[in-house]
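# Coordinates in review
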Amino acid sequence: MDQPTLPTPYLFISIALASSLALLLKSRFSPRKLSLHDLNGPAPSSWLVGNMHSLTHQENVGDVDAEYIKEYGLAFKLKGVFHGEFLYLADPQVYRIYVQIAEYNMKCFVISRACTMSSTRLAIPFTKRELPGCSAHFWVQTFQEWKACEDHARHRKIILPGFSQSALKEFVPIFLQVAQKVVEKWRDLLQEGQQQSTVVDIHTWLSKLTLDAVGQGVLSYDFGALSDTPGDFAKPRHFIEILNVSVDIFHQPSDIGLAIVVLFGYLPAWVVSILLKVTMGAAKRVTEFRAVSNKITLDIVQREMASLEGGLPQGKDIMSSLLRANMSETAKNKMSTEELLSQMSALTVAGHDTTTNTLAWLFYEISRRPEVQNKLREEINATRAACAGNELGVNDFESMPYTIAVIKETLRYYPIAAHNAREAGRDELIPLSRPVKTAAGEEIAAIPIKKGQRVFASIWGYNRIKELWGEDAEQWNPERFMGENLNLRPQRGLGVYANLATFSSGVHSCVGWRFAVLELQAILIVLIQNFEFSPAPHNPVMRQVMAPTLVPMVKGEEKRGSQMPMSISAIN
């Protein structure tokens, strides 16, 4: 895999810091300088990037967070690029206000992924600052401040109907059918090798599986990633390997790379475009990918619209739902064609890689726990028996508490994005669940923040708080979501799912969280019923790397990108 000469930071940190210089200068020369009430915090390792080098070069995501939280508590000060200040938060009380109650008063000061599991920042296309060649519709939407909260609200209103609970029941058969294709492929592999077991890179297979599942569910388009003759969009150079491009770009950026990304925000778009082409080999592959993505999405939109004959789209996929909602809007509120293309492409990308990586970590955990696999099969078999030969549906999925517990625990323990960044839209006094000490030794029970203050929320930190999740919060244990243990879990309702921060909450919660959970469960059900999973014979050491989502890498083989070797054996 070719390494680019210009590294850039991982998800959310890269996006947040892209606008930090503008905000920093504004605060430096403003008569009302922002203050973090002299909070404690780790000493910056350098003036250039502050604490960001430590956070972007963790051996495993969360290692540095754990050290910081142990030393400074759940709220403290971080230094960013060019000495800008962030308020680091993992405190549950603050987090609830920050992501749920404050709504647009804690706005996204940059626009990022369309729908990651941590937050939904809907993909608003560029106006005057488009960065050609940077696939900005997918990774970095803009290096300027968020253009308007109204755009986010308008887009979200149009997209939400496609992800309603009633709409999503149509996708379960799709997920089950696509997962069955992997079963057939793996059984062929075992038969061809005349072996009882074989080692596969489960990450690669899951990537193909989720691409086909998301393609059919979002676009009613078969990418053919699992077929012998994949379509143009599913060819490795156009899509599957795009995840390795993201690893190239986001994995362990240099300090200069971090600073350059911030400086890009001050440069005209045409200058940034030239610099990317000259310095970043990955830019060309990303540009090709974006061109193919837009072409396919535009073809689907035009074909759908041409078949309407004055009516509304009748398809059950997300795109048809989006088109129906968009056509019902007033002219002022409708999405433009460019916005539609950006949304659909971004939803496809986000829904693909987030689910791929979450499933990879789920199978990593159960491959080391045969007893968990057996318990899953017992519950699935019992549910299938109760269906009397009928295909499983949403109601059947909801009747599997242990399967759901395994999914919830994986989402808690492996949040697909470890952090997100916001900016205070107004002055706030945020109460803490526990006091923290200032640098002067004074204990405070609330933190005053002013409009424009940048906040760095730790999804990883919140999901590991022992007071919320138990003394074994640093271990993967699905039993915490079972039986009487449920009464010990948070009751306040922070997130949209299981009180986790993984899907965020409030106006920035992930619009596709139900889609993601159903897809995770369908794929788990089909694969665990047909195969036993165990660590690969050479037992590789896996690293948790944010690049830009939480991807698995084999220690010592990072140049090979995302992978997870695992042994599979068929269940007769």
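Criteria and thresholds
Residues numbered from 1 in each chain as written. Predicted model: local features only at pLDDT ≥ 70, side-chain atom pairs only at ≥ 80, totals over all residues. Heavy atoms only, no water. Buried < 20%, exposed > 50% of the residue type's maximum accessible area, 1.4 Å probe, protein only. Helix = DSSP H or I, 4+ residues; strand = E, 2+ residues; numbered from the N terminus. Pairing = 2+ DSSP bridges. Axes fitted to C-alpha atoms, helices over the stretch in contact; angles between N-to-C directions. Contact = heavy atoms within 4.5 Å. pLDDT = per-residue confidence, 0-100. Core = buried A, V, L, I, M, F, W, Y, C linked by side-chain atoms within 4.5 Å. Parallel < 35°, antiparallel > 145°, perpendicular 65-115°, else oblique. Left-handed = near helix turned anticlockwise from the far one by under 90°. Nonpolar A, V, L, I, M, F, W, Y, C, P; charged D, E, K, R; others polar. Expected span 1.5 Å × (residues − 1). Phe/Tyr/Trp six-rings, centres within 6.5 Å; stacked < 30°, edge-to-face > 60°. Lys NZ or Arg CZ within 6 Å of the ring centre and 35° of its normal. Salt bridge = Lys/Arg side-chain N within 4 Å of Asp/Glu carboxyl O.

## Some details on the pairing of strand β8 (residues 454-458)
Within β8, five of the five residues are buried, which leaves the element mostly enclosed by the surrounding structure. The pairing of strand β2 (residues 85-89) with β8 spans four bridges and is parallel. Counterpart to Y88 in the pairing with β8 is F456. Sheet topology note: the strand β5 (residues 419-424)/β8 ladder contains five bridges and is antiparallel. Residue pairing in the sheet places R422 in a bridge with V455 of β8.

## Describing the sheet that holds strand β9 (residues 531-535)
The strand order across the open sheet built from three strands is β4-β12-β9, with neighbouring strands paired in antiparallel fashion. The strands lining the two open edges of the sheet, one partner per strand, are β4 (197-201) and β9. Going from strand to strand, the sheet's axes swing by 35° on average, the running direction of each strand aside. Pairing of β9 with strand β12 (residues 565-570) involves five bridges; the strand directions are antiparallel. What sits directly across from F533, in β12, is I568. Along the sheet, helix α21 (residues 513-530) contacts β9 and β12; its crossing angle with β9, the most-contacted strand, is approximately 90°.

## A word on the environment of S293
Of note, S293 is situated in helix α13 (residues 282-306). Between the C-alpha atom of S293 and that of A346, which follows or precedes it by 53 residues, the distance is 9.5 Å.

## A few points about the confidence of the model for the chain
Across the chain, the average pLDDT comes to 77, with 74% of residues at 70 or higher. Within the chain, β9 carries the highest mean pLDDT (98), whereas helix α1 (residues 13-18) carries the lowest (41). For the stretch residues 1-34, pLDDT sits under 50, and the model shows 114 contacts to residues farther than four places along the chain or on other chains. Throughout residues 101-148 the model reports pLDDT below 50, and contacts reaching past four residues in sequence, or to other chains, amount to 210 contacts.

## Describing the nonpolar core
Burial of nonpolar side chains together is a common tendency in soluble globular proteins. Core analysis: the biggest nonpolar cluster contains 125 residues, and W186, F363, I366 and F533 have the highest contact counts within it. If one sorts the elements of this core by residue count, α21 sits on top with 13 residues. With sequence-adjacent residues up to four places away left out, W186 is seen in contact with V200, I202, W205, L527, F531, F533 and I568. Counting residues in each nonpolar core, the second largest holds 14 residues, with L36, L87, A424 and I449 among its members.

## Here's the deal with the packing of helix α8 (residues 172-193) against helix α9 (residues 202-219)
Relative orientation of the contacting elements α8 and α9 amounts to 150°, with a least axis distance of 9 Å. With respect to α9, the axis of α8 lies roughly antiparallel. Relative to α9, the crossing made by α8 is right-handed. Note on element contacts: α9 touches α8 through I202, W205, L209, D212, A213, Q216 and G217, opposite I174, F175, V178, A179, K181, V182, K185, W186 and L189. The class makeup of the residues in the contact of α8 with α9 is 11 nonpolar, two polar and three charged.

## Considering helix α18 (residues 401-413)
Between its first and last C-alpha, α18 extends 18 Å over 13 residues, near the 18 Å set by a 1.5 Å rise per residue. Where burial is concerned, most of α18 is hidden: 12 out of the 13 residues are buried. Residues Y402, T403, I404, A405, V406, I407, K408, E409, T410, L411, R412 and Y413 constitute the buried set of α18. Elements that come into contact with the buried residues of α18 comprise α15 (337-367), α16 (370-386), α17 (394-398), α20 (466-469) and α21.

## Concerning the environment of A179
Within the element layout of this structure, A179 appears in helix α8. Distance from A179 to I525, taken between C-alpha atoms, is 9.0 Å for residues 346 residues apart in sequence. Once you skip the residues sitting within four places of it in the chain, A179 turns out to touch L209, I523, V526 and L527.

## Some points on the packing of α8 against α21
Here α8 crosses α21 at 35°, and the two axes come no closer than 9 Å. Relative to α21, α8 is oriented so that their crossing is right-handed. Along its contact with α8, which presents V172, F175, L176, A179, Q180, V182, V183, W186 and R187, the element α21 presents F515, L518, E519, A522, I523, V526, L527 and N530. For the contact of α8 with α21, the per-class residue count stands at 13 nonpolar, two polar and two charged.

## Considerations on the packing of aromatic side chains
Counting across every chain of the model gives 23 aromatic pairs. Seen from their ring centres, W186 and F531 are 5.2 Å apart, and the 75° between their planes marks the pair as edge-to-face. Here W186 is found in helix α8, whereas its partner F531 is found in strand β9, with 345 residues between them in sequence. Each member of the pair, W186 together with F531, is buried. An aromatic cluster of at least three residues, connected via ring pairs, comprises Y68, Y72, F76, F86, Y88 and F456. The side chain of R187 reaches across the aromatic face of F531, ending 5.5 Å from its centre.

## Section: the pattern of salt bridges
Applying the stated criterion to the full structure yields 12 salt bridges. Here E467 ties to R434 by a salt bridge, and the two come within 2.7 Å at their closest N and O atoms. Remark: R434 occurs in strand β6 (residues 428-437) and E467 occurs in helix α20; sequence separation between them is 33 residues. Classification of E467 by relative accessible area gives exposed; the value is 59%. R434 sits in the partly exposed class, given a relative accessible area of 32%. Here the salt bridges do not stand alone but share partners, grouping E59, R543, K555 and E558 into one network.

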